[in-house]
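Each chain is listed here by its residues.
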Amino acid sequence: MVRELTCIMCPMGCDLTAEKDERGNITVTGNTCPRGREYAMQELTAPMRNIATSVLVEGGELPLASVRLDGPIPRERIFDVMQEIKGRKVKAPVQIGDVLIENVLGLGRNVVITKNVAKRGR
């Protein structure tokens, strides 16, 4: 199996070729730093992703606050986590760094507010 990837670990954006042979050995070419190899290996064995979305803010100067995970989760759990976040509301004020959901779905990651939203009328 051969996969063509673009590395996202640094601004270089190296074009990678990752090949997995019949014995499961993986060869990576095209990377200009060790992080490219690590990224390709992870993509072939256990892909991880981060999530950024938004939640409703009740009584806020803005209607939404952006949120994200504080670290990556297995790719196959994205929709489960999004379902958990969907429909959540917070009451203003909220601050960057506030935890919306601690240890979401037992994955060891928190859903964290990434936008300050003041209370309406302040």
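As shown above, the structure is provided for reference.
What counts as what
- Residues numbered from 1 in each chain as written.
- Predicted model: local features only at pLDDT ≥ 70, side-chain atom pairs only at ≥ 80, totals over all residues.
- Heavy atoms only, no water.
- 1 Å grid on protein atoms, 1.4 Å probe; cavity = no way out; pocket = protein on both sides within 12 Å on 5 of 7 lines; lining within 4 Å.
- Points joined across faces, edges and corners; volume = space filled by probe spheres on them.
- Nonpolar A, V, L, I, M, F, W, Y, C, P; charged D, E, K, R; others polar.
- Pairing = 2+ DSSP bridges.
- Helix = DSSP H or I, 4+ residues; strand = E, 2+ residues; numbered from the N terminus.
- Axes fitted to C-alpha atoms, helices over the stretch in contact; angles between N-to-C directions.
- Contact = heavy atoms within 4.5 Å.
- Expected span 1.5 Å × (residues − 1).
- Buried < 20%, exposed > 50% of the residue type's maximum accessible area, 1.4 Å probe, protein only.
- Arc of directions from axis to C-beta.

Trainee: For this particular structure, what's the right way to read empty space enclosed by the protein?
Mentor: For the structure shown, the criterion picks out one cavity of 30 Å³ or more. One number sums up the size of the largest cavity: a volume of about 30 Å³. Surrounding the largest cavity, Cys-7, Cys-10, Gly-13, Cys-14, Asn-31, Thr-32, Cys-33 and Gly-36 form its lining. Per-class residue counts for the lining of the largest cavity are four nonpolar, four polar and no charged.

Trainee: Sorry, what's going on with the sheet that holds strand 10 (residues 111-113) here?
Mentor: The pairing of strands in a sheet comes from backbone hydrogen bonds and takes either a parallel or an antiparallel form. Taken in spatial order, the five strands of this open sheet run 8-5-6-10-9, and their pairing is mixed. Whereas interior strands pair on both sides, the edge strands pair on one side only; in this sheet they are strand 8 (89-91) and strand 9 (99-101). Averaged over all adjacent pairs, the angle separating strand axes in this sheet is 40°, with direction ignored. Where strand 5 (residues 52-58) lies against strand 6 (residues 64-69), five bridges are found, and the strand directions are antiparallel. Paired with Leu-56 across the two strands is Leu-64, which belongs to strand 6. Along the sheet face, helix 2 (residues 78-85) touches strand 5, strand 6, strand 9 and strand 10 and points at about 10° away from the line of strand 5.

Trainee: Could you clarify how one ought to interpret helix 1 (residues 34-45) in this entry?
Mentor: Each α-helix winds once per 3.6 residues, and so residues spaced three or four apart point in a common direction. A rise of 1.5 Å per residue sets the reference length of helix 1, with its twelve residues, at 16 Å; its end C-alpha atoms lie 17 Å apart and thus fit the reference within 8%. If you check which residues of helix 1 are buried, you get Gly-36, Tyr-39, Ala-40, Glu-43 and Leu-44. Along the axis of helix 1, the buried residues cluster in a sector spanning 125°; they form a single face. Turned more than 90 degrees off the buried face of helix 1, the exposed positions are Pro-34, Glu-38 and Thr-45.

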